[in-house]
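Here's the letter readout for the chains.
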Amino acid sequence: MKVVIALAVSVLLCSPAAAAQPVLVEAECFAQRGGWVVDSQFMDQMGSPYLLAHGLGRPVADATTEVEFPVIGTYRVWVRTKDWVAQWKAPGAPGKFQLLVSGKPLATTFGTKGAQWHWQDGGKVDITERRVRLALHDLTGFEGRCDAVLFARDVKFTPPNRDPEMAMFRRACLNLPEQPEPAGEFDFVVTGGGIAGTCAAISAARLGLKVALIQDRPVLGGNNSSEVRVWLQGARNKEPWPRIGDVVAELEQPRRAHYGPTNTADLYEDEKKLAVVRAEPNIRLFLEHRVNGAETDGGRIRAVIAQKINTGRRVRIAGRWFADCTGDAAVGALAGADFEIEPKGRMGPCNLWNVCECKDTNAINTTTAVAAEPQRFPRCPWALDLTDKPFPGRSKTKPDTLKLGGWYWESGFDRDPIEEMEYIRDWNFRAMYGAWDVMKNVDKVLPNHRLNWSAHILGKRESRRLLGDVVLCFDDLKKDVKFHDGCAPTGWSNDLHLPDPKYERGFEGDAFISRADFGHFPAIQERRPFWIPYRCLYSRNIANLFMAGRDISTKHDALGAVRVMRTGGCMGEVVGMAASLCKKHNTIPRHIYESYLDELQDLMRRGVGKKPGANPDYDNGAEPKRKPASKNPPVVSVPAWLAKAGPNLALAAKVSVPGGELLNDGKAEVSNNGGRWLGRGKLPHEIEFTWERPVTIGAARIISGFFDGAITAPITDFVLQWHDGAEWKEISGSAAKGNLNACWSCSFQPVTAAKIRLLVTKTRTDTSRIWEVELYGPTAAK
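Residues numbered from 1 in each chain as written. Predicted model: local features only at pLDDT ≥ 70, side-chain atom pairs only at ≥ 80, totals over all residues. Heavy atoms only, no water.

Peer 1: Before we go on, may I ask you to explain the overall build of the protein in this structure?
Peer 2: Per the secondary structure count, the protein includes 14 helices and 37 strands. The C-alpha atoms of the protein give 27 Å as radius of gyration, which agrees with the globular expectation for 782 residues (28 Å, within 12%). With the principal axes as the frame, the protein shows a C-alpha extent of 75 × 70 × 55 Å. Taking all 782 residues of the protein together, 60% fall into the buried category. Here the contacts in the protein between residues at least 6 apart in sequence split such that 76% fall between residues at least 24 apart. For the protein, the exposed surface amounts to about 30300 Å²; the carbon and sulfur share of it is 51%. Here the protein holds 102 positive side-chain charges and 92 negative ones, and the gap between their average locations is 2 Å. (Helix = DSSP H or I, 4+ residues; strand = E, 2+ residues; numbered from the N terminus. Rg over C-alpha atoms; globule rule 2.2 N^0.38 Å. Buried < 20%, exposed > 50% of the residue type's maximum accessible area, 1.4 Å probe, protein only. Contact = heavy atoms within 4.5 Å. Areas by Shrake-Rupley, 256 points an atom, 1.4 Å probe, with all protein chains shown as cover. Lys, Arg positive; Asp, Glu negative; His and termini not counted. Charge placed at Lys NZ, Arg CZ, Asp CG, Glu CD.)

Below you can see the structure in the form of structure tokens.
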């Protein structure tokens, strides 16, 4: 077999010499994902990453790609999907979507059958040209999902649906090698790019180790990323080890907002974390790689196997020492490390969410107060029925929007945190949609509000816990045990979550609201940290395995004190230091405690934060130095034609992207980074402006970038397009290449259309940062 890669797109498909072989198109490989998001959380359970139509009840933009078929002819189509609420026998099949082949939808509506992942038969289709455009067309915005599309010349062929047969079938179709390809040998291999793993990698790299950092998402930070949006808690930089926490401080954000629509993506500074890691020459970063295999020999790990999320290609990453910072203890479990997992009564994960009030999109006069616009929301008979149930924030007279979607919207207390992860996430979705349905359609409150944001990535709290030479328990905390190898500070009460009995009735065994049980102990009562022993940070039976984060060696009853992220980052710093000593003395983590603890403590005393002069943006692990803010707000340039321009027509448009209301709110407050729309992920970024009736556009102004005393990082390459009713066409004269102007503007030959699109093809770190898009009529161009 040979692999065919369609030019200009990143879709992998099967095109063997025998034309009768199937053509496999992995959904995560679609060239343009539109509004669909890649979900790789459950690939170990269901076999693959997939695309999710996470639209919060508003259909998302199509995901599209082009496929080159080996021959024309008749094919049977299979789509791997499921009706995600069918496992609860819930009506409605909310995740409906269509597959468009060359612009024409197949007769089958997908996502309507089957409680489990399966290949849904899409019938036959005639392929009349070898190069064909495919599109996934979401019909609801309610979490439709697609794993892959298969075209079979043999209309009687049925694809395998269970591993290992399905995995072998995928590799054969994609012409992937049976054995993983070598990706290098390293001193230290860190799996898990949350705060703990990132700190471990940075610490070891700065002490001279060659480090691999493997992360299965496109960003670092884990729960402290824009994908999950939880701020850092715990302690750092405390006596007697005030330098432990220096690296955490480099990564930590100066601003925070945990609840409501002010909890925006930019607060979590994903780019800063990536920049800190990429500035380390000793780190090789494997983003979007999921570790799903481990090679062991004689009680030691020799290599981990990681699968690239968007290609399926597997690589072998060899090392001498390893750190499991996955939270789920994935590497330890694969390697046969001893671990514990609470059978019932665990803390569950969250999918944080929030709502916002919407302005009148028909208003164009921004000098007066903008009225709110009523926001409809459909009934959700497939969601949790909360018609007669209480939940936080519910009130028919004074609903509290800040209590919707907070940390206590949590489930999975008695569910397997590995095998039932998708069940738990989807139960959280059903709780969110059920609550919002009741508020909008039963209580009839918040008429001008809509769902604003929800995490589709689980924010986890508890899973497997790897066992070390010391297993910390709550009794140690209560007795205030002073471990002589104490190395990472807690600074957090023993915060364990349980179902809240006020909201549990009717949902026993599947509660979705928690309460916090704060177990206090002397260190917390005296406002000082408890120091976690180093012996909790390495495996007791896998000789070269460290761990940092919430999978360290602790009992469930003490996990609440150690699981928070500042503390986990401090663990990572110490693990990186210990790994450097392992190399220096050619030894294992246990022997650092037994023979070289004094050297480890010397490193802890010095720290590995950036030293003065080493990096102009950092000073000994403190927050990034900011350019002094101007006493006056920054001034954006004003084109000459703007004085004669008519109304900004963009204010009356509907915007296609989530959070798009920031793009046409008429504010353009460039001193407020929180007022920007942020577009992330694979380029290009597409933003559509739609009017009920055609408008005539002759000029535009786009204000973009990042404010840090001055405005930097505007979008670089982009173009405006108009839709003629059949296809998108470039607006002549509107293309920008290498733009450095934060307030770009131009006038052009007028076009009349009901749809205008901004297409961004290049920008710094693949992130579009836009305060405002303004569109004006032809008089502005004169």
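Peer 1: Would you mind going over the pairing of strand S34 (residues 717-723) with me for this structure?
Peer 2: On a regular strand, each side chain points to the face opposite its neighbour's, so the side chains alternate between the two faces of the sheet. For S34, the tally of buried residues reaches 6 of 7 residues, placing the bulk of the element in the interior. Relative to strand S36 (residues 743-762), S34 runs antiparallel, the two being bridged by 6 bridges. The residue of S36 that forms the bridge with Gln 721 is Arg 757. Two successive antiparallel strands, S34 and strand S35 (residues 728-730), enclose a turn made up of 4 residues, where Gly 725 displays a positive phi of approximately 100°. (Pairing = 2+ DSSP bridges.)

Peer 1: Just to check I follow, could you spell out the pattern of salt bridges for this structure?
Peer 2: Two side chains with opposite charge may pair up if their charged atoms get near one another. Summed over all chains, the structure comprises 57 salt bridges. Between Asp 437 and Arg 379 there is a salt bridge, and its shortest N-O distance comes to 2.6 Å. Highlighted residues: Asp 437 in helix H7 (residues 421-442) and Arg 379 in the loop between strand S21 (353-357) and H7, separated in sequence by 58 residues. Judged by relative accessible area, Asp 437 falls into the buried class, the value being 4%. Residue Arg 379 is classed as partly exposed on the basis of its relative accessible area of 48%. Across the salt bridge formed by Arg 425 and Asp 426, the nearest N and O atoms sit 2.9 Å from each other. If you follow the salt bridges from partner to partner, you end up with Asp 39, Lys 82, Arg 145, Glu 422, Arg 425 and Asp 426 in one network. (Salt bridge = Lys/Arg side-chain N within 4 Å of Asp/Glu carboxyl O.)

Peer 1: Could you clarify how one ought to interpret the sheet that holds strand S7 (residues 73-81) in this entry?
Peer 2: Pairing between sheet strands relies on hydrogen bonds along the backbone, with the strands arranged either parallel or antiparallel. The strand order S3-S13-S7-S10 describes an open sheet built from 4 strands, whose pairing is antiparallel. Two strands lie at the open edges of the sheet, namely strand S3 (23-26) and strand S10 (118-127), each paired on one side alone. Direction aside, neighbouring strands of the sheet carry axes that sit 20° apart on average. With 5 bridges connecting them, S7 and strand S13 (residues 148-152) associate as antiparallel partners. When the bridges of S13 are listed, Arg 80 appears paired with Ala 148. (Axes fitted to C-alpha atoms, helices over the stretch in contact; angles between N-to-C directions.)

Peer 1: Which parts of the structure should I look at to understand the nonpolar core?
Peer 2: A general tendency of soluble globular proteins is for nonpolar side chains to be buried together. Within the largest apolar cluster, 92 residues are counted, with the highest numbers of intra-cluster contacts made by Phe 188, Ile 317, Tyr 534, Phe 546 and Leu 600. When residues of this core are assigned to their parent elements, the largest contribution, 10 residues, is made by helix H12 (residues 565-585). Not counting chain neighbours up to four residues away, the residues in contact with Tyr 534 comprise Asp 485, Cys 487, Phe 546, Val 574, Ala 578, Pro 589, Ile 592, Tyr 593 and Leu 600. Counting 36 residues, the second-largest nonpolar core is a separate cluster that includes Ala 383, Phe 391, Tyr 408 and Tyr 503. (Core = buried A, V, L, I, M, F, W, Y, C linked by side-chain atoms within 4.5 Å.)

Peer 1: Just to check I follow, could you spell out the confidence of the model for the protein for this structure?
Peer 2: Predicted coordinates in regions of low pLDDT should not be interpreted in detail. Of the residues in the protein, 92% reach a pLDDT of 70 or more, and the chain-wide mean stands at 90. pLDDT under 50 marks residues 611-631. Its contacts with residues more than four places away, or in other chains, come to 42 contacts. (pLDDT = per-residue confidence, 0-100.)

Peer 1: I tried to follow H12 on my own but got confused; where do I start?
Peer 2: Note on helix geometry: an α-helix contains 3.6 residues per turn, so any two residues three or four positions apart are oriented the same way. An ideal rise of 1.5 Å per residue puts 30 Å on 21 residues; H12 measures up with 30 Å between its terminal C-alpha atoms. Just downstream of H12, Asn 586 is the residue with a positive phi angle, here 50°. (Expected span 1.5 Å × (residues − 1).)

Peer 1: Please clarify how the packing of aromatic side chains should be interpreted in this entry.
Peer 2: Ring pairs (aromatic) are described by centroid distance and by the angle formed between their planes. For the structure on display, the rule yields 30 aromatic pairs. Measuring from centroid to centroid gives 5.5 Å for Trp 382 and Tyr 433, while their planes differ by 70°, and the two rings are edge-to-face. With a gap of 51 residues between them, Trp 382 in the loop between S21 and H7 and Tyr 433 in helix H7 connect regions that are remote in the sequence. Classification of Trp 382 as buried rests on a relative accessible area of 4%. Exposure remark for Tyr 433: the relative accessible area of 0% places this residue in the buried category. Relative to Trp 427, the ring of Tyr 423 has its centre 6.1 Å away and its plane inclined at 5°; by these criteria the two rings are stacked. On the criterion of helical spacing, the pair formed by Tyr 423 and Trp 427 is a turn pair, its members being 4 residues apart in helix H7. Grouping residues by exposure puts Tyr 423 and Trp 427 together as buried. (Phe/Tyr/Trp six-rings, centres within 6.5 Å; stacked < 30°, edge-to-face > 60°.)

Peer 1: Would you take a moment to explain the packing of helix H3 (residues 195-206) against H12 for this structure?
Peer 2: A pair of packed helices is captured by two measures, namely the crossing angle of their axes and the spacing between those axes. One way to put it is that H3 packs onto H12 with a least axis distance of 7 Å and a crossing angle of 30°. In terms of axis orientation, H3 runs roughly parallel to H12. Both H3 and H12 take part in a crossing whose hand is right-handed. Across the interface between the two elements, Ile 195, Ala 196, Cys 199, Ala 200, Ser 203 and Ala 204 from H3 touch Met 565, Gly 568, Gly 569, Gly 572, Glu 573, Val 575, Gly 576 and Met 577 from H12. (Parallel < 35°, antiparallel > 145°, perpendicular 65-115°, else oblique. Left-handed = near helix turned anticlockwise from the far one by under 90°.)

Peer 1: Please explain the side chain of Arg 314 as it appears in this structure.
Peer 2: In this structure, Arg 314 sits in strand S19 (residues 314-324). Only 2.2 Å separates the side chain of Arg 314 from the backbone oxygen of Glu 178, close enough to count as a polar contact. If sequence neighbours within four positions are ignored, Arg 314 has contacts with Arg 171, Pro 177, Glu 178, Gln 179, Pro 180, Glu 181, Ile 305, Ala 306 and Gln 307. (Polar contact = N/O pair within 3.5 Å; in protein donor to acceptor, adjacent residues only side chain to side chain.)

Peer 1: Would you take a moment to explain the side chain of Thr 763 for this structure?
Peer 2: Residue placement: Thr 763 occurs in the loop between S36 and strand S37 (768-776). A residue is classified by how much of its surface remains accessible, and Thr 763, at 7% relative accessible area, is buried. A distance of 2.8 Å separates a polar side-chain atom of Thr 763 from the backbone oxygen of Thr 767. Not counting the four nearest positions on each side in its chain, Thr 763 is found in contact with Leu 683, Pro 714, Ile 715, Thr 716, Ser 768 and Arg 769.

Peer 1: Honestly, the packing of H12 against helix H14 (residues 597-606) in this entry has me stumped. Any pointers?
Peer 2: In the contact formed by H12 and H14, the axes pass within 10 Å of each other and the chain directions differ by 135°. Accordingly, the angle class assigned to the pair H12 and H14 is oblique. The handedness of the crossing between H12 and H14 comes out as right-handed. Across the interface between the two elements, Val 574, Met 577, Ala 578, Ser 580, Leu 581, Lys 584 and His 585 of H12 pack against Glu 599, Leu 600, Leu 603 and Met 604 of H14. Within the contact of H12 with H14, the residues separate by chemical class into 7 nonpolar, 2 polar and 2 charged. (Nonpolar A, V, L, I, M, F, W, Y, C, P; charged D, E, K, R; others polar.)

Peer 1: Whenever I open this one, the environment of Arg 236 confuses me. Can you help?
Peer 2: Here Arg 236 shows up in the loop between strand S15 (211-214) and helix H4 (246-251). Residues Arg 236 and Ala 488 lie 252 residues apart in sequence; the distance between their C-alpha atoms is 8.1 Å. At 3.0 Å, the side chain of Arg 236 and the side chain of Glu 252 are in polar contact.

Peer 1: Explain the sheet that holds strand S9 (residues 104-105) to me, please; I cannot follow it from the model alone.
Peer 2: Ordered in space as S6-S11-S8-S9, the 4 strands form an open sheet in which the pairing is antiparallel. Both edges of this open sheet fall to strand S6 (63-68) and S9, since each of them pairs with a single strand only. Taken together, the 2 bridges between strand S8 (residues 97-101) and S9 define a ladder with antiparallel strand orientation. Considered in S9, the bridge of Val 101 is made with Lys 104.

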